[in-house]
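Coordinate inspection notes
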4 protein chains.
Amino acid sequence: MMLHIDLQSETPIYTQLTEQIMEGIASGQLQPGEALPSIRSLAGDLGINLHTVNKAYTLLKQEGYIQIHRYKGVIVQPDGMPEATPAFRERQKQQLKPIIAEAICRGITLEELQVVVRDIYEGLHTLKGE
Amino acid sequence: MMLHIDLQSETPIYTQLTEQIMEGIASGQLQPGEALPSIRSLAGDLGINLHTVNKAYTLLKQEGYIQIHRYKGVIVQPDGMPEATPAFRERQKQQLKPIIAEAICRGITLEELQVVVRDIYEGLHTLKGE
Amino acid sequence: MMLHIDLQSETPIYTQLTEQIMEGIASGQLQPGEALPSIRSLAGDLGINLHTVNKAYTLLKQEGYIQIHRYKGVIVQPDGMPEATPAFRERQKQQLKPIIAEAICRGITLEELQVVVRDIYEGLHTLKGE
Amino acid sequence: MMLHIDLQSETPIYTQLTEQIMEGIASGQLQPGEALPSIRSLAGDLGINLHTVNKAYTLLKQEGYIQIHRYKGVIVQPDGMPEATPAFRERQKQQLKPIIAEAICRGITLEELQVVVRDIYEGLHTLKGE
DNA sequence: GTGGTCTAGACCACT
DNA sequence: GTGGTCTAGACCACC
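All of the points below concern the structure found in this document. (Residues numbered from 1 in each chain as written. Chains lettered and ligands numbered in written order. Predicted model: local features only at pLDDT ≥ 70, side-chain atom pairs only at ≥ 80, totals over all residues. Heavy atoms only, no water.)

Next up on the list: the protein's contact with DNA strand E. Neighbouring residues of DNA strand E: 26 residues in total, closest Ile13, Tyr14 and His51 of chain B together with Tyr14 and Lys55 of chain C. Of what DNA strand E places within 4 Å of the protein, 70% of the atoms are sugar or phosphate. Contact between DNA strand E and tyrosine 71 of chain B: a sugar or linking oxygen at 3.4 Å from a side-chain N or O atom of the residue. Measuring from a phosphate oxygen of DNA strand E, one finds a side-chain N or O atom of asparagine 54 of chain D at 3.4 Å. With three residues, helix 3 (residues 50–63) of chain B is the single largest residue contributor to the surface near DNA strand E. (Near = heavy atom within 4 Å. Polar contact = N/O pair within 3.5 Å; in protein donor to acceptor, adjacent residues only side chain to side chain. Helix = DSSP H or I, 4+ residues; strand = E, 2+ residues; numbered from the N terminus.)

All right, on to unusual backbone geometry then. Its identity is not glycine, yet tyrosine 71 of chain B carries a phi of approximately 70°, on the positive side. Looking at the element boundaries, tyrosine 71 of chain B is found in the loop between strand 2 (66–69) and strand 3 (73–76).

The end-to-end C-alpha distance of helix 5 (residues 110–125) of chain B, which contains 16 residues, comes to 22 Å, matching closely the 22 Å that a straight helix rising 1.5 Å per residue would cover. Considered for burial, the residues of helix 5 of chain B that qualify are Leu110, Leu113, Gln114, Val116, Val117, Ile120, Tyr121 and Leu124 of chain B. The arc that holds every buried residue of helix 5 of chain B, seen down its axis, measures 160°, which confines them to one face. Residues of helix 5 of chain B that are buried sit in contact with helix 4 (86–105) and helix 5 (110–125) of chain A together with helix 1 (13–27) and helix 4 (86–105) of chain B. (Expected span 1.5 Å × (residues − 1). Buried < 20%, exposed > 50% of the residue type's maximum accessible area, 1.4 Å probe, protein only. Arc of directions from axis to C-beta. Contact = heavy atoms within 4.5 Å.)

The subject of this paragraph is the protein's contact with DNA strand F. Near DNA strand F you find 26 residues, and of these Tyr14 and Lys55 of chain A together with Ile13, Tyr14 and His51 of chain D are the closest. One of the side-chain N or O atoms of serine 38 of chain B is found 3.3 Å from a phosphate oxygen in DNA strand F. Within the side chain of lysine 55 of chain D, an N or O atom sits 2.7 Å from a phosphate oxygen of DNA strand F. Among the elements of the structure, helix 1 (13–27) and helix 3 (50–63) of chain A, helix 2 (39–46), helix 3, strand 2 and strand 3 of chain B together with helix 1 (13–27) and helix 3 (50–63) of chain D are those that each provide at least two residues to the surface near DNA strand F. With three residues, helix 3 of chain D is the single largest residue contributor to the surface near DNA strand F.

Glancing now at the interface of chain B and chain A. Facing 44 residues of chain B, the contacting portion of chain A comprises 44 residues. Summing both partners gives a buried area of about 4500 Å² for chain B against chain A, and 69% of it is carried by carbon and sulfur. In this structure, glutamate 112 of chain A engages arginine 89 of chain B in a salt bridge whose closest nitrogen and oxygen atoms are separated by 2.4 Å. Across the contact surface, chain B and chain A share 17 residue pairs in polar contact (both at pLDDT 80 or more). Looking at the side of chain B that touches chain A, the elements that each hand over two or more residues are helix 1, helix 4 and helix 5 of chain B. Broken down by element, the side of chain B that touches chain A gets its largest block of residues, 16 residues, from helix 4 of chain B. (Buried area = accessible area lost by both parts, 1.4 Å probe. Salt bridge = Lys/Arg side-chain N within 4 Å of Asp/Glu carboxyl O.)

No statement about biological role is implied by the geometric values presented.
Below, the structure is given as structure tokens:
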């Protein structure tokens, strides 16, 4: 899977990494148990600092999306992804609220918004069976 | 309309302000043409610095959600809210993508997600007629 | 001649007034010797403060574009407009420089720019004979 | 490139900075991709506050003339300057109109004005090939 | 080291 | 009293 970094984005690089890896997992491009590049090689490929990659991986591990094995490397969580806990759902709502509020301000209907959400969902999800 | 700030949150204060004001507009609690508190009074009420409020107001003005009238005060945009431009829709997608990707990872179905989105949308929007 | 004010503009109201009156003189809509509205009536018509109109008129008088006669009122300078002094030409250059610099940045050619300038000039000036 | 500030001028310092940097870009003294001084070092060199420099840089970034890279620094836009959009051309006209009106009032002919514009344009632009 | 955020306090132009 | 500008000084995240 190809990761790419936008250096002029406002989002920190480590966040861009975590988001892209999660998108890889969501889309099935990254399968459970599959190996991720080592910190060193990924940092080298992207031309960024080791610490930055390490931070991204550590966060993903804390959330339960990957496993980091000393000496063996980094793999996508093979033992089932983390659950949708109530805490997660609450956080999700807080993330969605301002986005939806802005959409309403700009006159976007619920139907339009549902289409956008479905397109993104299916755009990611339908790869999963491959 | 009551605005509240979470000083502990990692989201910048000025972002919390812009988001809450946009939610106020979306929900109709803030009507077009309605006056917003002056920079100084809002800063005083919230116990924050006037520059922080100023930054929030300036961003909202740049996006077209409010008007800032020098020497007179600040009002909610009376001449129609900004449109849902292609640039806006693209930005919206980029905001939604990581949220939806994470939802997929955690096994949330499209139907569940649509319910969440609808609840938030209607929770904000249905106040509009009041 | 119709004057109009943009309350949400960043340019101070008195500047908007002086500019519009100068445009009126440039275009011949305001003829030398012609009466301008009194401070009081203009302020009333535009819904702005007396001091604001007064400031605009005072500036125009200082520059030599109008005459203010106590009790008689305000008239467009009948005794010849102010000259293009070296100081004026220098100030003009300083005003034009940033505008032209930005035009160059955006790839506007000298020919294009000349067309813009000519259009504005003739758009104002050709009314003069009427 | 040398930047200089006139503290006595009534034009805000941050405006002087943005104008000078745009002139530098227009004249080719600042090349695309070239690094600009860091906020702190420029503020130090000019003897002004870092927030003032920050404001100037932020405005130039919003217009698309520079890129601000968090943690790394500021560079002149390497991916092509912003286009001359219709909105830009309209803004330009509004900026030019009062200047040209005043020129007409003072009896400056179109030909004289064109010479002034050409001199400034070429004075900036002809450095570009060097 | 960088830019981003926030505070505190000041002066100004304008209404 | 309003927003606009500027200063001085601080802490933070990131690299």
